[in-house]
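Chain by chain, the residues run as shown.
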Amino acid sequence: MLDEARLQQWNALIATLTKQELTWMHGYIAGKLSMDAPKSAPVAAPVATSHKVTIAYGTETGNAKKLASDLAGKAKKMGINAKLVGLDQYRFTDLAKEEYFFTVISTQGDGEPPVGAKKFYDHIHQNGFTIPKLKYSVLALGDTSYPQFCKTGEDVDLQFEKLGATRVVPLQKCDLDYEADANEWFMKAIHSLNAPAVAPASTSVAAKKPIGKKTYNGTIVTNINLNATGSNKQTHHIEIVAEGLEYECGNSIGIVPSNQPAVVAEILAVTGVDGTKVIDWKKETSSIADLLTNKINISYLQENAIKKYAAIIQQEIPLVRMDLLDLLKIYPVKDTAQFIEVLGILNPVPPRLYTIASSPMAHEGEVHITVAKDVFDVNGVEKTGLCSNFLSLQKTETQLNFFVQPNKRFKLVEPTKDIIMIGPGTGVAPFRSFVAERDATGATGRNWLFFGDQHFTTDFSYQTEWQNWYSTGVLTKINLAFSRDQEEKIYVQHRMLQQAEELYQWINNGAVVYLCGAKYPMGRDVEHTLLQIIQQQGNKSKEEAEQYFEIMKEEERFMEDVY
Amino acid sequence: MSEKQNLSVVEHIKHKSRGLRGTLVESLQDEITGAVREDDHALVKFHGMYEQDDRDLREERAEKKLDKLYSFMVRMRIPGGLMTAEQWVAAHNVAGQYTTGVIKITTRQTIQLHGILKRNIRPTLQGFSKVALDSIAACGDVNRNVACASHPHQSAIHAQVHAYADKISQLLLPKTRAFYEIWLDEEKLEEHTEVDPLYENRYLPRKFKIGIAIPPNNEVDVLTNDLGLIAIIENNELKGFNLAIGGGLSATHGNANTYPRLATVIGFTGSEERTLKAVYEVLTVQRDYGNRSDRKLARLKYTVDRMGVENFKKELEKRCGFELEAPKEVVFTARKDEYGWVEDYKGNWHYTLFVENGRVTDENGYLLKTALLQIAETGKTTFRFTSNQNVIISDIKPEDKTIIQALLNNFQIEERQALISAIRKNSIACVSMPTCPLALAEAQRYLPTLIDKIEPLLGKYNLQDDDIVIRMTGCPNGCGRSSASEIGLIGTSPGHYNLHIGGDREGLRLNRKYKDALDETAILNELDSLFSSYKKDRQPTETFGDFAARRQLV
Ligand code: SRM
Ligand SMILES: Cc1cc2nc3c(=O)[nH]c(=O)nc-3n(C[C@H](O)[C@H](O)[C@H](O)COP(=O)(O)OP(=O)(O)OC[C@H]3O[C@@H](n4cnc5c(N)ncnc54)[C@H](O)[C@@H]3O)c2cc1C
Ligand SMILES: Cc1cc2nc3c(=O)[nH]c(=O)nc-3n(C[C@H](O)[C@H](O)[C@H](O)COP(=O)(O)O)c2cc1C
Ligand code: SF4
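Here the structure is a predicted model, which means the values were calculated and not measured.

Let's talk about the overall build of chain A
Argument step 1. Helix and strand content of chain A: 19 helices and 21 strands.
Argument step 2. Expressed as a percentage of its 563 residues, the buried residues of chain A come to 52%.
Argument step 3. Pairs at least 24 residues apart make up 75% of the contacts formed inside chain A by residues separated by at least 6 positions.
Argument step 4. Summing over all exposed atoms, chain A offers an accessible surface of approximately 26100 Å²; the carbon and sulfur share of this is 52%.

Some details on the packing of helix α5 (residues 85-98) of chain B against helix α6 (residues 121-129) of chain B
All names here are of chain B.
Argument step 1. Between α5 and α6, the shortest axis-to-axis distance is 9 Å and the interhelical angle comes to 170°. One finds that α5 runs roughly antiparallel with respect to α6. Contacts from Ala91, Val94 and Tyr98 of α5 reach α6 at Pro123, Thr124, Gly127 and Phe128.
Argument step 2. For the contact of α5 with α6, the class distribution of residues is five nonpolar, two polar and no charged.

Section: empty space enclosed by the protein
Argument step 1. One pass over the structure, following the stated rule, counts five cavities of 30 Å³ or more.
Argument step 2. Considering only enclosed or pocket space, the largest cavity measures out at about 60 Å³ in volume.
Argument step 3. Split into classes, the residues belonging to the lining of the largest cavity amount to four nonpolar, three polar and three charged.

Remarks on the sheet that holds strand β9 (residues 252-255) of chain A
Residues and elements named next belong to chain A.
Argument step 1. The sheet built from six strands is open, its strands ordered β12-β9-β16-β7-β8-β13 with antiparallel pairing. Only two strands of the sheet have a single partner each, and these edge strands are β12 (352-355) and β13 (366-372). Adjacent strand axes in the sheet meet at a mean angle of 40° when their direction is disregarded.
Argument step 2. The pairing of β9 with β12 spans four bridges and is antiparallel. Opposite Ile255, over in β12, you have Arg352 as the bridge partner.
Argument step 3. Relative to the sheet, helix α12 (residues 386-393) contacts β7 (215-225), β8 (235-241), β9, β12, β13 and β16 (399-405), its axis offset from that of β12 by approximately 60°.

A closer look at the confidence of the model for chain B
Argument step 1. For chain B, mean pLDDT is 95; residues scoring 70 or higher make up 98% of the total.
Argument step 2. For this predicted complex, the interface confidence score (ipTM) comes to 0.84, while the overall pTM stands at 0.79.

Notes on the sheet that holds strand β2 (residues 70-75) of chain B
Residue and element names in this part refer to chain B.
Argument step 1. Read from one edge of the open sheet, five strands run β1-β2-β5-β4-β13, paired in antiparallel fashion. In the strand order of this sheet, the two ends are held by β1 (49-53) and β13 (359-360), each with one partner.
Argument step 2. When strand β4 (residues 103-105) meets β13, the two strands line up antiparallel, connected through two bridges. By the bridge assignment for β13, Ile103 is matched with Val360.

Quick look at the environment of A:Thr457
Argument step 1. Note that A:Thr457 resides in helix α14 (residues 456-459).
Argument step 2. Distance from A:Thr457 to A:Glu546, taken between C-alpha atoms, is 38 Å for residues 89 residues apart in sequence.
Argument step 3. The residues touching A:Thr457, leaving out its near neighbours within four places in the chain, are A:Ala228, B:Arg61, B:Leu66, B:Leu69 and B:Leu117.

A look at the interface of chain A and chain B
Argument step 1. Contacts between the two partners involve 32 residues from chain A, matched on the other side by 21 residues from chain B.
Argument step 2. The contact between chain A and chain B buries some 2400 Å² in all, and 49% of this surface belongs to carbon and sulfur atoms.
Argument step 3. For the pair chain A and chain B, the number of links is three salt bridges.
Argument step 4. Those elements that place two or more of their residues in the side of chain A that touches chain B are β7, β8, α14, α15 (463-471) and β19 (477-482) of chain A.
Argument step 5. Ranked by the residues each element gives to the side of chain A that touches chain B, the list is headed by α15(A), at six residues.
Argument step 6. Looking at side-chain class alone, the side of chain A that touches chain B contains eleven nonpolar, twelve polar and nine charged residues.

Structural notes on the site of ligand 4
Argument step 1. In the vicinity of ligand 4, the contacting residues are B:Cys430, B:Val431, B:Ser432, B:Cys436, B:Leu438, B:Ala439, B:Thr473, B:Gly474, B:Cys475, B:Asn477, B:Gly478 and B:Cys479.
Argument step 2. Split by residue class, the shell around ligand 4 holds seven nonpolar, five polar and no charged.

What counts and what doesn't
- Sequence order as written defines the numbering, with residues in each chain counted from 1.
- To label them, take the chains in the order written and letter them from A, then take the ligands in the order written and number them from 1.
- Only residues with pLDDT of 70 or above have their local features reported here, since the model is predicted, and side-chain atom pairs are shown and tallied only from 80 upward, although totals for entire chains, interfaces and linings are computed over all residues.
- Side-chain measures here rest on the full set of heavy atoms in the structure, leaving out hydrogens and waters.
- A run of H or I in DSSP counts as a helix once it spans at least four residues, and a run of E counts as a strand once it spans at least two, with each numbered from the N terminus.
- Burial classification: accessible surface area is computed with a 1.4 Å probe over protein chains only, and a residue below 20% of its type maximum counts as buried, one above 50% as exposed, and the rest as partly exposed.
- Contacts are assigned to residue pairs that have any heavy atoms within 4.5 Å of one another.
- Throughout, the Shrake-Rupley method with a 1.4 Å probe supplies accessible areas, and for residues the shown protein chains are the sole cover considered.
- The axes used here are C-alpha line fits, helices contributing only the stretch in contact, and every angle between their N-to-C directions lies in the interval 0 to 180 degrees.
- Each angle gets one of four labels, with under 35 degrees taken as roughly parallel, over 145 as roughly antiparallel, 65 to 115 as roughly perpendicular, and the rest as oblique.
- Only Asp, Glu, Lys and Arg are considered charged, only Ala, Val, Leu, Ile, Met, Phe, Trp, Tyr, Cys and Pro nonpolar, and every remaining residue, Gly among them, polar.
- Here a cavity means grid points, on a 1 Å grid over the protein atoms only, where a 1.4 Å probe fits yet cannot get out; a pocket means an open set of points with protein on both sides within 12 Å along at least five of seven lines; lining residues are those with an atom within 4 Å of a point.
- Grid points are joined across faces, edges and corners, and a volume is the space filled by probe spheres set on the points.
- A pair of strands is considered paired only if DSSP assigns at least 2 bridges between the two.
- Confidence scores labelled pLDDT are given residue by residue by the predictor and lie between 0 and 100.
- A simple way to read buried area is as the amount of 1.4 Å-probe accessible surface that goes missing from two parts once joined, with both sides added.
- For this analysis, a salt bridge means a side-chain nitrogen from Lys or Arg found within 4 Å of a carboxyl oxygen belonging to Asp or Glu.
- Near residues are defined by distance, with any heavy atom within 4 Å of the molecule or strand qualifying the residue.

Quick look at the structure:
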């Protein structure tokens, strides 16, 4: 089967292998075969190794990061799904969930940890928890010309042991010429995974239950504004932990926001109504204050609500949407009874949807969302969107109810397929989910992202994560459009045009195109551009191109989640 | 010859860079990062730039999943620190458009602009190019900006000596056209790399600095250079130069193999031809004998000490084809700028302006940057930077003096200058935080307020008019030449400095460490007691530095 030259290489390689290595290769090849298997394989993402491996780095000048990325890249080539993570962004609570945890960390200052790894370092030096399940090893970077050679690495190594974790490979200290030592350490670390079996593709998803609209009671564990100081925007990355979570990439979650307490208080003051008074409202029985805060939509009332309001107070009111408070100020109600009558015609607060930005495999037990704070101007007054503002203000540790909104028309395709993701602004959310999922499951398809926003320095959402995925090869290509970094406006569709030839090649080769984000004008502009590219690159007439695009949609080779 | 095995990483990068081109063009196209590629990091220096990031923002940005806020600092090549008014105006405008806006005068008579985003590098350099300014070889393992005594009045021979700065700079420029191709859109030559007999394809093992002094003033700190030229003037005639080799100030905390060193005078050359030849060959000896495996030990000072001064000199003379003459007698009596108005031998006027830490900006009601712009816009001056990070508004014709004076008045420049204490006028701080990646402690953001607190101490002992030279650097690299000062403060960690004393006023003796890692209170306490004993026990006319050395305090 093999030609002479390759047969020789094969035999030469086999001759050098240990039994362990042979077993490992056996598993690897089996896994590879099952991944490349044609369509019949279930939509599940195959898992190349059953072990969960994390390579974490703590760096000041970038050596540890570079090294860790290289090692993670190498691991991937070997079929091991090593997750690469910077300790500056590591969530401590994840430690308990890790299986194999390999740390590459440098020493700085006078034997101190790198600034970015300081919090992690302090965390593991606190008492009061153990991580008995963790298997670990530490690679310490340092410089023998410093008296405290590799001190931080030593500390971390020792501390993990104290926390009950199992050291699988001894601490490796490296001088400035760390490459050879690092590689040796890494090979030992790989061996310690003890010939990982490659799980057949079928086992991973078969057990998944259908997803219903169950309400989850989650806890917010992270809420950060992704935009840097100086940005015009405020985009919140929110991580929520919940018991028994089930969702798929491409799904959204629905959240019912509370109204602002200050607005509720003002409504009560304006009307002179006693907020503690308990009333029946729809199927609920509660105090007026509670209903106004948590149940009743009081913002930007629909025209028909205004109509009904006018009927109750028997006045002419122009049918212009406005907030209840403004309405009450201009057209006051007579008394409490009339106010209660008004409440009766109002609707419940509608849930808002947010596309999930996390992956079930990479972020087990959590759901992440990317929320742009909606700020707009109403007659010269700056107002904020109800839910996005509500979410932007949530502190960590607060409880949040949500449900999972499945989306059949927006889902991640099988792991071997190439995907093109177009997601400017918060449209990037599902693509973080897709790429994290593909990273965690070792999917082999290529991944190409188009992202855009206003400014490169302040608005590049998830920049460091994209960089990590790019450096490990999970993200194949990325093109960026920052609209306000130059005189002329540049948007994702302009970048697509610049890449037209390659884009069409991908599409023609079966790549699936995803689009997510604001429907107007972005979504429509991007669709137009796609049509244009298909027409020009494919030498087609307008009609042929439209037809081609229709087929893409039918065959789910174009999927969108625009809002 | 140089250790062929075990070359340092940077050596490989230089070697395979195809005339310093590397992958810079590709780096500029990388959209995902504001940085250049790993290897280009070293190469971009040869083009006069450093990749930096705002260290104040690191933590915030990491949390926001944003990469570091990378930007570039451009250092101009301005031999001898002389700029035309037109060039100043251009620098002002470019600074306003693409940088932090602060024009930073350096300790080697040039200017730096910080905060230039990757995509703005080309427009910045193109803006400079329009007024014949470039940043070639302002950094990197080549000969850097040649420093030269800057005050034109110093002697009629100043212009003659000053011309050497430019000649030497030209002589030692790398031959590659990469700068023009990459940044200025010059058409690319065929796929061949220019032949460079001096730098070959390996350049020098490390940076190389040349300074030229005109005695009796040593404001360029000539002996802190790899190669110092000391002008020898007899009967109002330039006779030639004493050559001094192996100066350099950097040390690494905790690495005993590194040390600051003043240059050793090895001889004298008379004619221009011989002087330039000797200068050139000092570089070739360093090129061939310098340490290329450990960058910490690669400066000329280590080569000289490893070979021995005599052997170095022999090798140099062999390459020159002539012997150096015995060095001439030289006396240095000062190391300071001559503030205020000075008339030169031709009757032209020069106004030397103290610029605290070299930061030209408009702040706290002091519109220095606007003032200098308006002065430049008259077109009636040149600008000369000094090694003390100051600027001389220079070459003003007698008939134009009133115009400049009026502008100085408008901005209350002279009034403000008059209020500045002697110690402040003799102070230098390096850049340090937030841009310098090597900084361990603050420097230019901190020294001004520290001096606020030192001034009353001096007042207490009636020493307020004493020209004590005080210098602070954020790390032991010594960019503010902190080891060559009477009071040196060298950062060890945030808020902490080693206190060095015992250097002389003229820059002919280094200071030494007196106390380790002091915080502000400790610094002030130590200085208080030092000033007190200096006041009590000094000999008449004895400087603070000499006193400290004589009393063997260090
Ligand atoms: C701007 C300047 C200080 C100032 O406040 O004026 C400066 C600033 C820096 N110096 Fe310097 N050096 C500056 C004069 C000096 C001097 C003083 C002198 O030359 O008169 C020295 C000591 C003399 C010497 O060279 O020994 C000096 C010794 C260093 C060193 C140590 C070199 C060594 O031998 O180990 C470094 C670090 C290095 O090269 O690895 C360094 C590196 C740096 C860098 C580029 C940091 C870096 O490598 O990334 C600093 C940039 C900070 C920033 O954000 O702007 N700088 N540097 C001076 C620019 C001079 C110029 O126009 O070329
Ligand atoms: C499938 C799907 C996925 C989505 N995914 C995301 C996502 O990943 N990230 C994300 O950020 N968003 C996403 N959205 C949008 C999100 O659901 C919300 O619509 C968005 O956050 C705005 O909600 P809000 O409550 O903040 O604003 P609202 O209060 O609902 O206001 C919305 C708009 O109504 C108008 N308005 C409101 N009040 C007034 C008033 N008083 N006067 C005049 N005009 C008014 C304004 O134009 C305002 O912009 C998604 C939507 C869908 C449908
Ligand atoms: C300011 C500074 C202090 C350092 N201190 C130490 C130290 O105390 N011990 C040590 O082993 N290495 C020390 N080092 C060396 C670094 O650990 C080494 O350069 C390492 O490769 C850096 O890795 P990083 O780029 O991932 O941060 C220090 C380096 C710097 C720049
Ligand atoms: S002395 Fe140190 S801190 Fe100051 S500019 Fe130079 S390298 Fe940076």
